[in-house]
Amino acid sequence: MSKVFEYYQRLAQAFGPSGREDAVRELIGGMAGDFCDDITTDALGSLICRKCGAGKKVVAAAHMDSIGVVATYIDDKGFIRFGAVGGLFRGDLINIQVRFENGTRGVISYEEKTPFKDVTLEHLFIDIGAGSREDAEKRVRVGDFAVFEALPFEQDGILCGPYLDNRIGCATLLLAMEALPETVENDLYFVFTVQEEVGLRGAGPAAFGILPDYAIAVDVTDTGDLPEHKYPMACHMGKGAAVKVMDRSVICSMEVRDALENAAKGLNLQTQREIMMAGGTDTAALQKTGAGIYAGALSIPTRYIHSPSEMCAARDVEEAAAILAKAMQEL
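Hey, could you go over the overall build of the protein for me, with residue numbers and the actual values?
On a plain count of helices and strands, the protein comes out with eight helices and 17 strands. What you see for the protein is a C-alpha radius of gyration of 20 Å, in line with the 20 Å of a compact globule of 331 residues. Taking the principal axes of its C-alpha atoms as reference, the protein extends roughly 60 × 45 × 40 Å. Across the 331 residues of the protein, 55% fall into the buried class. Total accessible area computed for the protein in this model is approximately 14200 Å², and 49% of it derives from carbon and sulfur atoms.

Pasting the structure below:
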């Protein structure tokens, strides 16, 4: 078992959909304690770990929340209707297991009289095996959140399981913290943000409380290495960390992009360049903090994002952590 998988497995098991990140925050705080000088939590719940220095303020941020579902209605037979917490794709949801915070498990299915091509979220329900509304309400109430339940595994250096997005980014930050020397010149902040999946809500307030000179978001990105991919993309799983150029929400600062690529060169590591045609990351919120800051991103090429079976390469994570640690010290 690689250290990357060990960290990911621990983080993935913690319940943490957007707005309910408490268990993830507590776990990360315990894992980070030996590698930073100060740990605080802001009003929204983002965790801020500081490694003190007298130089430039540099933030690395990874969101610790995940997508999920929220119970919206329970019918007379005990079947639970739900809404989306973050971006869901119907094809990833049929007959998968979910887990509520109290440990109750269920299966998502759909109204089979509806042709599958016409199925929307409104046609889906969660079956917890209840026989009535009263029976179901003993275990689940309207407003309860649930997450994907799937067993992570590592095989030949490849990781697979739920919530690589973005527990693998959190693992990258932890590995970078461990790689730092005892004393550093720059003032370094490792920020584990909340509510990224529902609108990049946590990163901006966390960064505003720091007002850094530079910021680097760490998150997953799509890959272009699958058969007949919907659009061409230069990022491939297992070919190195990706340095973001832009996505739908941000155009990255050249200063940060160059710093990441130069750090990789100094470590004799290859990087890829990322242009993601759909979606965005905390990079956008970081860049727009205060009067604006230099912001960029380091991404982990990941297949099947927002499904219960996301996939990435451990080597890409290890290299991303090394690049991040070096760049934060040199900016």
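Before we move on, can you summarise the packing of helix α6 (residues 254–266) against helix α8 (residues 314–330) with the specific residues and values?
It is the contact of α6 with α8, at a shortest axis distance of 8 Å, that shows an interaxial angle of 115°. Of the two elements, α6 crosses α8, and the hand of that crossing is right-handed. For the pair formed by α6 and α8, the contact residues are A259, L260, A263, A264 and G266 on the first element and I323, K326, A327 and E330 on the second. Classifying every residue of the contact of α6 with α8 gives six nonpolar, one polar and two charged.

Describe the environment of L324, listing the residues and the values that go with them.
Looking at where L324 falls in the secondary structure, it is placed in helix α8. In this structure, L324 is in contact with A60, L173, A176, I216, V218 and L298, ignoring residues within four places of it in sequence.

Please set out the sheet that holds strand β12 (residues 187–193) residue by residue, giving values where relevant.
Strands sit in the order β1-β2-β12-β3-β13-β16-β14-β15 across an open sheet of eight strands; the sheet is mixed. Sheet topology places β1 (38–41) and β15 (272–275) at the edges, where each strand pairs with a single neighbour. Ignoring which end each strand starts from, the neighbouring axes of this sheet average 25° apart. In this structure, strand β13 (residues 214–221) lies alongside strand β16 (residues 294–301), joined through eight bridges in parallel fashion. If you follow A215 over to β16, its bridge partner there is A295. Sitting on the sheet, α6 touches β13, β14 (242–246), β15 and β16, and the angle it makes with β16 is about 45°.

Report on the nonpolar core, specifying residues and quantitative values.
Counting 59 residues, the largest nonpolar core has I28, I168, L174, F190, F192, L298 and L324 as the members making the most contacts within it. If near-sequence neighbours (up to four positions away) are discounted, L174 is found in contact with Y7, L11, I28, M31, A32 and F192. With 27 residues, the next largest nonpolar core counts L93, I128, A130 and V147 among its residues.

Provide a residue-level description of the side chain of D165, including the pertinent values.
Mapped onto the elements, D165 comes out in helix α4 (residues 164–179). Of the side chains bearing the opposite charge, R167 lies closest to the buried D165, which forms no salt bridge; the N-O distance is 8.5 Å. A distance of 3.1 Å separates polar atoms of two side chains, one belonging to D165 and the other to H63. Within the structure, the side chain of D165 is placed 3.1 Å from the side chain of H306, a separation counted as a polar contact. Those residues in contact with D165 that sit more than four places away from it in its chain are H63, D65, S66, E197, D219, V220, I305, H306 and E310.

Tell me about the sheet that holds strand β17 (residues 310–313), and please be specific about residues and values.
The three strands lie next to each other as β10-β11-β17, forming an open sheet whose pairing is antiparallel. Only two strands of the sheet have a single partner each, and these edge strands are β10 (153–155) and β17. For this sheet, the mean angle separating the axes of adjacent strands, direction not counted, is 20°. Along the sheet face, helix α1 (residues 3–12) touches β10 and β11 (158–161) and points at about 10° away from the line of β11. The strands that α4 touches are β11 and β17; relative to β17, the one it contacts most, it runs at about 30°.

So what's going on with the packing of aromatic side chains? Which residues, and what values?
Inspection of every chain in the model, using the stated rule, returns five aromatic pairs. Where F5 meets Y8, the ring centres are 6.2 Å apart and the plane angle is 55°; that geometry is what we call tilted. With a gap of three residues between them, F5 and Y8 both fall in helix α1, about one helical turn apart. Owing to a relative accessible area of 0%, Y8 belongs among the buried residues under this scheme.

Which residues make up the pattern of salt bridges, and what are the values?
Here the structure, examined in full by the defined rule, presents 15 salt bridges. Here R81 ties to E111 by a salt bridge, and the two come within 2.8 Å at their closest N and O atoms. Within this pair, whereas R81 is found in strand β5 (residues 80–85), its partner E111 is found in the loop between β7 (105–110) and β8 (124–127), the two being separated by 30 residues in sequence. Between K326 and E330 there is a salt bridge, with its nearest N and O atoms 2.7 Å apart.

If you had to explain the environment of I210 to someone new, which residues and values would you point to?
Following the sequence through the fold, I210 ends up in helix α5 (residues 203–210). Separated by 193 residues in sequence, I210 and P17 have C-alpha atoms that sit 25 Å apart. With near-sequence residues (within four places) excluded, I210 lies in contact with I48, K57, V59, Y189 and V191.

Describe α5, naming the residues involved and giving the relevant values.
For α5, every residue scored as buried is listed here: A203, G204, A206, A207 and I210. The buried residues of α5 occupy an angular sector of 165° when the element is viewed end-on, so they sit on one face. Across α5 from its buried face, at more than 90 degrees, point the exposed residues F208 and G209. Packed against the buried residues of α5 are β2 (47–51), β3 (57–63), β12 and α7 (282–287). Just past α5, the residue L211 takes up positive phi, approximately 50°.

Cut-offs and rules
- Residues numbered from 1 in each chain as written.
- Predicted model: local features only at pLDDT ≥ 70, side-chain atom pairs only at ≥ 80, totals over all residues.
- Heavy atoms only, no water.
- Helix = DSSP H or I, 4+ residues; strand = E, 2+ residues; numbered from the N terminus.
- Rg over C-alpha atoms; globule rule 2.2 N^0.38 Å.
- Buried < 20%, exposed > 50% of the residue type's maximum accessible area, 1.4 Å probe, protein only.
- Areas by Shrake-Rupley, 256 points an atom, 1.4 Å probe, with all protein chains shown as cover.
- Axes fitted to C-alpha atoms, helices over the stretch in contact; angles between N-to-C directions.
- Left-handed = near helix turned anticlockwise from the far one by under 90°.
- Contact = heavy atoms within 4.5 Å.
- Nonpolar A, V, L, I, M, F, W, Y, C, P; charged D, E, K, R; others polar.
- Pairing = 2+ DSSP bridges.
- Core = buried A, V, L, I, M, F, W, Y, C linked by side-chain atoms within 4.5 Å.
- Lys, Arg positive; Asp, Glu negative; His and termini not counted.
- Salt bridge = Lys/Arg side-chain N within 4 Å of Asp/Glu carboxyl O.
- Polar contact = N/O pair within 3.5 Å; in protein donor to acceptor, adjacent residues only side chain to side chain.
- Phe/Tyr/Trp six-rings, centres within 6.5 Å; stacked < 30°, edge-to-face > 60°.
- Arc of directions from axis to C-beta.

Taken by themselves, the reported measurements are silent on function.
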